[in-house]
Amino acid sequence: MDEGDPRPASAAGPAEFAALMERRKNRSGYTYRQLEDRASRLGDTLPRSTVADALRRRTLPRAEVVSAFVRACGGTDAEVEEWLAARRRLADEGRPPPSTESVPVPAPGSPAESSAEPPPSGPPAWRAGIPVTLAAVAVVVLAAVAVVVAVRLTRPDPGAGSSVVDATAATVVSNGQRVPSLDGWARIHPGRAPALCVTEGHDRTGRYRSEVAVQRPCSEAEPPRTLLERVRGDLYHVKWDHPEHGLGCLTAVEQGAAANLVEPRSDCRGDQPSQLFLVEPVDPAAPGRYRLRPADTQLCLGIRDDDEAPGAEVVLESCTGHADQEFVVEARPDR
């Protein structure tokens, strides 16, 4: 680095680290789109929305984002390691020290055990999809899922059509149609009720208490803000960014109390097919209208009972081709 380049080792916290990343981007002279293209040529994945989010948020970005970002800015391997070392230091400083206090363990079946809850540790986050008690099993399951998903996503589904990313990363070929890449901040409007927006709400039956996706007036739709992040081809994460809950991926739920609903979960993963949505154009004669389909199903997202009222839930249902399963994506760049 020359003397004018930001020194990541000087960062005293995540906010300063993000500010130094922004300075590094500004000194590179590259736009978000150029950084995405440069990263792709170097074999990295760095959606421009991810860069914008990393520079805006005041939490540490993932290590792979940092390394791809520095390389895309023209950094050498030594500079990449310098940034990663600074990130590791800040991550270690942010971890609470291990507790040396002895905590009594309630006897199995005792009232203390049934009423015990972990103390709150900051603002509430979106619901996590995998219970901590299943973590050991989840490692094995996710490894198997990753293999299955990798095979499935690299072999086009005859019913879904094939998806090819244009070399410029500005367009995507979906179902034989060339459509703009939808990567970035957006509002998603139900096709039958374009004055409404897809946002957080609750199951009107009361059977499920956590937040789920519903339609509400757009004036009441933020927070959370909606971010479409292309993972590959026409497969996207649909993320919600909330000032209290943080960042969460919309997840199609097929079982349990939330069956057929869509909920935000904090454990966003590229190998979770229930969090990957095919965003397919409905008709060349109706540009801007899309069908959203979870990658691991032959189902479509629609509005429960074809209801146009505020509060109606977004649900998983058999694909019909009807207007209640169409959505309009309104790009909101540089939010």
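Computed from a prediction, not measured in an experiment: that's the story for all the values here. (Residues numbered from 1 in each chain as written. Predicted model: local features only at pLDDT ≥ 70, side-chain atom pairs only at ≥ 80, totals over all residues. Heavy atoms only, no water.)

## Some remarks on the side chain of Arg 293
- Take Arg 293: it is sitting in strand 12 (residues 289-294).
- From its side chain, Arg 293 meets the backbone oxygen of Thr 297 in a polar contact 3.1 Å long. (Helix = DSSP H or I, 4+ residues; strand = E, 2+ residues; numbered from the N terminus. Polar contact = N/O pair within 3.5 Å; in protein donor to acceptor, adjacent residues only side chain to side chain.)

## Notes on the state of the cysteines
- Under the defined criterion, the tally for this structure stands at 3 disulfides.
- Between the sulfur atoms of Cys 197 and its disulfide mate Cys 218 the distance is 2.1 Å. Disulfide Cys 197-Cys 218: the torsion about the S-S bond is 95 degrees, which places it as right-handed. Taken as a pair, Cys 197 in strand 5 (residues 196-201) and Cys 218 in the loop between strand 6 (212-217) and strand 7 (225-232) lie far apart in primary sequence, 21 residues in all.
- What pairs with Cys 249 in a disulfide is Cys 268, and their sulfur atoms sit 2.4 Å apart. Judged by the sign of its S-S torsion, about 120 degrees, the bond between Cys 249 and Cys 268 is right-handed. Taken together, the positions of Cys 249 in strand 9 (residues 246-252) and Cys 268 in the loop between strand 10 (262-265) and strand 11 (277-281) put the pair 19 residues apart, joining distant regions of the chain.
- Looking at Cys 268, the relative accessible area reads 29%, which means it is partly exposed.
- Sequential numbering of the bridged cysteines in the chain gives the disulfide pattern 1-2, 3-4, 5-6. (Disulfide = S-S within 2.5 Å. Buried < 20%, exposed > 50% of the residue type's maximum accessible area, 1.4 Å probe, protein only.)

## Notes on unusual backbone geometry
- The omega torsion of the bond from Glu 222 to Pro 223 falls at -5 degrees, within 30 degrees of zero and hence cis.
- Along the chain, Pro 223 connects to Pro 224 via a cis peptide bond; the corresponding omega equals 5 degrees.
- Relative to the assigned elements, Pro 224 resides in the loop between strand 6 and strand 7.
- We note that Asp 305 has phi near 60 degrees; this positive angle belongs to a residue other than glycine.
- Tracing the chain through its elements places Asp 305 in the loop between strand 13 (299-303) and strand 14 (314-318).
- Looking at Asp 305, the relative accessible area reads 70%, which means it is exposed.
- Despite not being glycine, Asp 306 shows a phi value in the positive range, around 55 degrees.

## Thoughts on the packing of aromatic side chains
- All told, the structure shown has 1 aromatic pair when counted by the stated rule.
- Ring centres of Phe 17 and Trp 83 lie 5.5 Å apart, and the angle between their planes is 75 degrees; on these two criteria the pair is classed as edge-to-face. Here Phe 17, found in helix 1 (residues 14-28), pairs with Trp 83, found in helix 5 (residues 77-94); they are 66 residues apart in sequence, far enough to count as distant. For the pair shown, Phe 17 and Trp 83 are each scored as buried.
- The ring centre of Tyr 32 lies 4.6 Å from the NZ or CZ of Lys 25, which sits over that ring.
- Lying across the ring of Trp 185, Arg 225 places its NZ or CZ 3.8 Å from the centre. (Phe/Tyr/Trp six-rings, centres within 6.5 Å; stacked < 30°, edge-to-face > 60°. Lys NZ or Arg CZ within 6 Å of the ring centre and 35° of its normal.)

## Description of the nonpolar core
- Core analysis: the largest hydrophobic core is formed by 24 residues, its most contacted members being Leu 182, Val 198, Leu 228, Leu 301, Val 314 and Phe 327.
- If you list the elements that add at least two residues to this core, you get strand 4 (184-190), strand 8 (235-242), strand 9, strand 11, strand 12, strand 13, strand 14 and strand 15 (327-331).
- Once residues lying within four places of it in the same chain are set aside, the contact partners of Leu 182 are Leu 228, Tyr 236, Val 279, Tyr 290 and Val 329.
- Ala 11, Val 51, Val 70 and Ala 86 belong to the second-largest nonpolar core, a separate cluster that totals 22 residues. (Core = buried A, V, L, I, M, F, W, Y, C linked by side-chain atoms within 4.5 Å. Contact = heavy atoms within 4.5 Å.)

## Observations concerning the environment of Thr 205
- For Thr 205, the position within the fold is in the loop between strand 5 and strand 6.
- Residue classification places Thr 205 among the partly exposed positions, given a relative accessible area of 40%.
- Beyond its immediate stretch of four places on either side in the chain, Thr 205 contacts Arg 304 and Glu 313.
- A polar atom in the side chain of Thr 205 sits 2.6 Å from the side chain of Asp 203.
- A polar atom in the side chain of Thr 205 sits 3.3 Å from the backbone nitrogen of Arg 207.

## Some words on the pairing of strand 12
- Taking burial as the measure, the 6 residues of strand 12 include 5 buried ones, the bulk of the element.
- Looking at chain direction, strand 11 and strand 12 are connected through 5 bridges and run antiparallel. Paired with Pro 281 across the bridge in strand 12 is Tyr 290.
- Here strand 12 pairs with strand 15 via 2 bridges, running antiparallel. (Pairing = 2+ DSSP bridges.)

## What about helix 3 (residues 48-56)?
- Burial analysis of helix 3 places 8 of its 9 residues in the buried class, the great majority of the element.
- For helix 3, every residue scored as buried is listed here: Arg 48, Ser 49, Thr 50, Val 51, Ala 52, Asp 53, Ala 54 and Leu 55.

## A short note on the pattern of salt bridges
- Within the structure shown, the criterion is met by 22 salt bridges.
- Ionic pairing is found between Arg 230 and Glu 36, a salt bridge with its closest N-O pair at 3.7 Å. Of this pair, Arg 230 sits in strand 7 while Glu 36 sits in helix 2 (residues 32-41), and the two are 194 residues apart along the sequence. Each of the two residues, Arg 230 as well as Glu 36, counts as buried.
- For Asp 271, the salt bridge is made with Arg 269, and the minimal N-O distance between the two is 2.8 Å.
- Taking relative accessible area as the criterion, Asp 271 reaches 15% and is therefore assigned buried.
- Under the relative-accessibility criterion, Arg 269 is labelled partly exposed at 31%.
- What emerges from the salt-bridge pattern is a single network uniting Asp 203, Arg 204, Arg 304, Asp 307 and Glu 313. (Salt bridge = Lys/Arg side-chain N within 4 Å of Asp/Glu carboxyl O.)

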